[in-house]
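Remarks on the overall topology
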Amino acid sequence: MSHDHIVSPKLYLGVLAILLVGTALTVAAARVDLGGLNIVVAMSIAVVKASFVVLYFMHLKYSHRLNWVFGAAAMLWLALLIGLTSTDVIARLTE
Amino acid sequence: MNAAPPAANAMPKVHYLNVDYGIRSWLFTIDHKRIALLYLGSITLFFVLGGLFATAIRLELLTPAGDLFESETYNKMFTMHGVVMIFFFLIPSIPATLGNFLVPMMIGARDLAFPRINLLSWYIYTLGGLFTLFAILSGGVDTGWTFYTPYSSTYSNTNVMATAVGVFILGFSSILTGFNFIITIHKMRAPGLTWFRLPLFIWAHYATSVIMILGTPVVAIAIALVGLERLFHIGIFNPALGGDPVLFQHLFWFYSHPAVYIMILPSMGVISEIVCCFSRKKIFGYSFVAFSSIAIALLGFLVWGHHMFVSSQSMYAGMVFSILSFLVAIPSAVKVFNWTATMYKGSVMYNAPMLYAMGFIGLFTMGGLTGLFLSTLATDVHLHDTYFVVAHFHYIMVGGALMGYLGGIHFWWPKISGRLYPEAWARFSALIIFVGFNLTFFPQFILGYLGMPRRYHAYPPEFQVLNVMSTAGASILAVGYAIPLIYLFWSLRYGPAAGPNPWQAKGLEWQTSSPPPTHNFPETPVVTEEAYEYYPGAEAERV
Amino acid sequence: MSDQATTLAPQFEGLAQQKESAIFGMWVFLVTEVMFFGGMFAGYTAYRYRFHEAFTAGSDHLNLLLGGVNTAVLILSSFTMAMAVHSAQLNRRRALIVFLVLTMLLGSTFLGIKAVEYSHKFHEHLLPGPAFQFEGADPQHAQLFFSFYFAMTGFHALHMVIGVALLAIMTWFAWRGRFSAEYYNPIEVSGLYWHFVDIVWIFLFPLLYLVGHHG
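Residues numbered from 1 in each chain as written. Chains lettered and ligands numbered in written order. Predicted model: local features only at pLDDT ≥ 70, side-chain atom pairs only at ≥ 80, totals over all residues. Heavy atoms only, no water.

1. As for the overall build of chain B
Within chain B, the secondary structure is distributed over 16 helices and zero strands. The globule rule puts the C-alpha radius of gyration for 543 residues at 24 Å, and the 23 Å found for chain B is close to it. With the C-alpha coordinates of chain B rotated into their principal frame, the extents come out at 70 × 45 × 45 Å. Within chain B, the proportion of its 543 residues that are buried is 63%. A separation threshold of at least 6 residues defines the contact pool for chain B, and within that pool the share at least 24 residues apart is 83%. Taken as a whole, chain B presents about 19,400 Å² of accessible surface, with 72% of it coming from carbon and sulfur. Averaging the locations of the 25 positively and 22 negatively charged side chains of chain B gives two centres separated by 11 Å. (Helix = DSSP H or I, 4+ residues; strand = E, 2+ residues; numbered from the N terminus. Rg over C-alpha atoms; globule rule 2.2 N^0.38 Å. Buried < 20%, exposed > 50% of the residue type's maximum accessible area, 1.4 Å probe, protein only. Contact = heavy atoms within 4.5 Å. Areas by Shrake-Rupley, 256 points an atom, 1.4 Å probe, with all protein chains shown as cover. Lys, Arg positive; Asp, Glu negative; His and termini not counted. Charge placed at Lys NZ, Arg CZ, Asp CG, Glu CD.)

2. A word on empty space enclosed by the protein
Residues and elements named next belong to chain B. Here the structure, examined in full by the defined rule, presents four cavities of 30 Å³ or more. Size it by volume and the largest cavity reaches roughly 70 Å³. Residue lining of the largest cavity: Y39, F87, I91, P92, P95, A96, Y125, L170, S173, S174, T177 and M212, and that is the complete set. For the lining of the largest cavity, the secondary-structure elements that each account for two or more residues are α4 (93–106) and α7 (160–187). (1 Å grid on protein atoms, 1.4 Å probe; cavity = no way out; pocket = protein on both sides within 12 Å on 5 of 7 lines; lining within 4 Å. Points joined across faces, edges and corners; volume = space filled by probe spheres on them.)

3. A word on the interface of chain A and chain C
Across the contact, 50 residues belong to chain A and 53 residues belong to chain C. Carbon and sulfur atoms make up 79% of the area that chain A and chain C hide from each other, which totals about 4,400 Å². Applying the counting rule to chain A against chain C returns zero salt bridges. At the boundary of chain A with chain C, the tally comes to two residue pairs in polar contact (both at pLDDT 80 or more). Looking at the side of chain A that touches chain C, the elements that each hand over two or more residues are α1 (9–30), α2 (37–57) and α3 (65–93) of chain A. Top contributing element to the side of chain A that touches chain C by residue count: α3(A), with 14 residues. Considered class by class, the residues forming the side of chain A that touches chain C number 34 nonpolar, twelve polar and four charged. (Buried area = accessible area lost by both parts, 1.4 Å probe. Salt bridge = Lys/Arg side-chain N within 4 Å of Asp/Glu carboxyl O. Polar contact = N/O pair within 3.5 Å; in protein donor to acceptor, adjacent residues only side chain to side chain. Nonpolar A, V, L, I, M, F, W, Y, C, P; charged D, E, K, R; others polar.)

4. So, the side chain of T216(B)
All names here are of chain B. Summarising the element assignment, T216 is placed in helix α8 (residues 200–232). With a relative accessible area of 1%, T216 lands in the buried category. In this structure, T216 is in contact with G171, S174, I175, I211 and Y255, ignoring residues within four places of it in sequence.

5. Details of the interface of chain B and chain A
At the interface, 22 residues of chain B touch 13 residues of chain A. Summed over both sides, the interface between chain B and chain A buries roughly 1,600 Å², with carbon and sulfur atoms accounting for 77% of that surface. Joining chain B to chain A, the criterion identifies zero salt bridges. Counting across the chain B and chain A interface gives two residue pairs in polar contact (both at pLDDT 80 or more).

6. Examining the nonpolar core
Looking at soluble globular proteins, one finds that nonpolar side chains tend to be buried together. Counting 289 residues, the largest nonpolar core has F87(B) and W412(B) as the members making the most contacts within it. Counting residues per element, this core draws most heavily on helix α9 (residues 245–279) of chain B, which supplies 23 residues. Viewed by domain, this core spans two of them, domain 1 (7–62) and domain 2 (64–95) of chain A, each represented by three or more residues. (Core = buried A, V, L, I, M, F, W, Y, C linked by side-chain atoms within 4.5 Å. Domains from an automatic or database assignment.)

7. Focus on helix α10 (residues 286–299) of chain B
Residues and elements named next belong to chain B. With 14 residues, α10 extends 20 Å between its outermost C-alpha atoms, agreeing within 8% with the 20 Å of an ideal straight helix rising 1.5 Å per residue. Those residues of α10 that sit buried are Y286, V289, A290, S292, S293, I296, A297 and L299. Where α10 is buried, its residues contact α8, α9 and α11 (315–343). (Expected span 1.5 Å × (residues − 1).)

8. Re the pattern of salt bridges
All names here are of chain B. Within the structure shown, the criterion is met by eight salt bridges over all chains. For R427, the salt bridge identified is with E423, shortest N-O distance 3.1 Å. Placement of both R427 and E423 in helix α15 (residues 423–450) is noted, with a separation of four residues, approximately one turn of the helix.

This is the structure:
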């Protein structure tokens, strides 16, 4: 049935390197004033880092499709919660 | 259905109830059927407790003057009625009892995927219940079951902390139940049991479980933050410290509106089973009923703002939430239509479960349609926080969820206990409950329309006639609930043995003995047909 | 087959079904965790947008060096956790134990540094509440920033503590030789949890420590 996919330690080391570089990059990017774009850059880097963790460390890349579906659902619902809540709170507090 | 064939009805020698004796065999059981009974006992206790608070409320409202309780005491009464009934009765009612008992049986599995976690969920429920009981006994809580900030986080000096901790803990029990169902339904179906052969009860529980795992954590964090505010005086929800109290309402209703569907969806699953069995017909439009459960679960997450139309929520958010709320009516109406179409030209038998199911369909329709009044932005401004709202949600939760629960308990009682309940008494009490319910809550629609606000212990004298009707109805309702409690216990000892399938119903749970053995089936069943293959030709053998 | 008899729970048909259920179960559980933290992220998003200056001022009081080091420590612990699962897959018991212990040590280091940061904030009167003191334009909303800081990192630290405890149990099981190349579900599932907690921090670090720090 489910044959375990064994990821080579080299790949894990590569992911580790990417994550550490990503962290340095986030700190560096915060030192440049991009105005409203700072948060976009920071969050984009964080999403990329998180994706590497999810895909390789958590083996989602080699995982059952069902796990993908539930992972995606979590992201969708998180977006729903943050989106609908914060837009209303912001709209009201800025009046 | 009156006399099942006598010969085949001997009780099995060994079944899940007598395989083991003693208190330890119950407290440490990992059998989903025994855990279901543990839940059945605990939620019945909480139902009685919540009912006592309801009695206090109705007694106070018998007269216009606030003569029985101080307004502070009255605030505690309706708060504890709400907290107990919603969190400790309605949310776990069908999933934790009938769902726990039936989900593995209906899909031909030996148990849920994680039996120990299932037992853990009951212990967590009990722990949460103890905290809440402590809160009640040590003076109660008066914030309303909604815990609105900043009153709950800053001003109320009743026992908010213990109640909040109780509800927070309880949430984990609900999460674990939903979690267990999702994995069980995905991974443990019997060979041949494809998704579109599943009983609709399973679809309904799947949709419910999705809400449990996606919504419950949000109310958990909202309540946890209220607790932190009370302990450390941080100001996330406190306007005096720069926070926003309406943020709490968002987080609260993000769960608590979908939670309404946690209460009603399992009931809908029960109704689908009962209506098919007692109409001897296949469900009309299987996939529509199945997907309407999923649609209700998903749409249910997009409408929470309709609880907040007058909370100073932004006008645009109000408009969006109002329009989205109308959409929920579509899958709900699909269900009502399809149940009715299933009964059409069926050979309908009016056994007690069917009476409850028909009661459900009528009362749920009323509750749903009055919901449309409330989701209309302009109408809601008039009706908000009146008895119209109270009547509306009691039609859904008591007329809907509770009728489905009682119908389901009766329908599967022969499977659970191995014995038949007394049919005449059951029909009688179903009728009494229907009459009592309508007498209690229909006048409240009128009261609300006339402008009587909820959550006050006194009211102007011109509302008294309707309030007296309501209180009279409540006493009839109480009698209606007491009767089943008595005869179901009676039937445990004196009821005739039921046999494996007293209703000649379809579904895997009826293919094994009643009560079932510990691992449900002697060997894993293989499914070769769709659900509800009832044939009109089978009529002759039933007479 | 005697091995199978001890590791296969009676409700499952086979080890493959049991393993799929365990891993899928953890993913479903992590969905609830996402939503649990999501409530705080929603509030944070709204307040940060509205009170950006105060949040920047508050963020400047956090120690970027300690936060950055902690990020690296946590990422490293995710790597050792992945290697622990890898060792379990290859049935290397000794390596499995070593990597589990390393992961716990890194996790404890994270918690230790976090405790140092908390005590600094406490001494600087930055703990929200009646004793809160803040030299800045908008102390009221800076206090909101610290409310979120303590709530979010506090719940994250709580998850770390649970994670370390979980790994301690796993180490004990591994010591007792309970796992094999066929059966290591608890290790894999604990790994999923550990990585999730790491991901939460990956988002918390820029959101809390890097609001300001421009130029």
